[in-house]
Amino acid sequence: QVQLVESGGGLVQSGDSLRLSCVVSGLTFGAYNMGWFRQGPGKEREFVAGITWGGREYKGDSVKDRFTISRENAKNTLYLQMRNLEPEDTAVYYCAASTSGVIISISSYDYWGQGTQVTVTS
């Protein structure tokens, strides 16, 4: 059974930092492209950042200078380091796993976690 479990969300103020983690089980983590997506109140789910099985990184324009994605294959864990958070970053953050396809596309992902809430106050 494949499981993706996110953690690290919380309530923070503008300018603060958070690090999200996603622990994956039930699949060969090192063989998957991984992504972070988010869904804010009343908004569609959007791509935040992705990292290929080989380590190539992709980031959405709104987070490019503030967020960093990384993976630790030995621990089956995906990370999202978020700095200088803004109220617009408030959302449920999801990690997802993909075997192939365009890394920024939701439809490329086969498995999803349940999400972790990030709330940023001004």
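In case you missed it, the structure is sitting above this.
Conventions adopted
Residues numbered from 1 in each chain as written. Predicted model: local features only at pLDDT ≥ 70, side-chain atom pairs only at ≥ 80, totals over all residues. Heavy atoms only, no water. Helix = DSSP H or I, 4+ residues; strand = E, 2+ residues; numbered from the N terminus. Polar contact = N/O pair within 3.5 Å; in protein donor to acceptor, adjacent residues only side chain to side chain. Contact = heavy atoms within 4.5 Å. Core = buried A, V, L, I, M, F, W, Y, C linked by side-chain atoms within 4.5 Å. Buried < 20%, exposed > 50% of the residue type's maximum accessible area, 1.4 Å probe, protein only. Disulfide = S-S within 2.5 Å.

Enquirer: So what exactly am I meant to see when it comes to the side chain of N33 here?
Expert: With respect to the helices and strands, the residue N33 is situated in strand 4 (residues 33-39). Within the structure, N33 has its side chain in polar contact with the backbone nitrogen of W53 (distance 2.9 Å). Excluding its chain neighbours within four sequence positions, the residues that come into contact with N33 are I51, T52, W53, R71, A96, A97, S98, I103 and Y109.

Enquirer: Is there a simple way to explain the nonpolar core in this structure?
Expert: Counting 27 residues, the largest nonpolar core has M34, W36, L78, L80, M82 and Y93 as the members making the most contacts within it. At the level of elements, strand 3 (18-25), strand 4, strand 5 (46-51), strand 7 (67-72), strand 8 (77-82), strand 9 (91-98) and strand 11 (116-121) are the ones that each hand at least two residues to this core. Not counting residues within four places of it along the chain, the set of residues in contact with Y93 comprises E6, L20, W36, F37, R38, V48, F67, L80, M82, G115, T116 and V118.

Enquirer: Looking at this structure, I do not really get the state of the cysteines. What am I missing?
Expert: Note: disulfide means a covalent bond formed between the sulfur atoms of two cysteine side chains. Summed over the entire model, instances satisfying the criterion amount to one disulfide. At a sulfur-sulfur separation of 1.9 Å, the disulfide partner of C22 is C95. One disulfide, between C22 and C95, carries an S-S torsion of 40° and so falls in the right-handed class. Here the residue C22 occupies a position in strand 3, and C95 occupies one in strand 9, the gap between them amounting to 73 residues.

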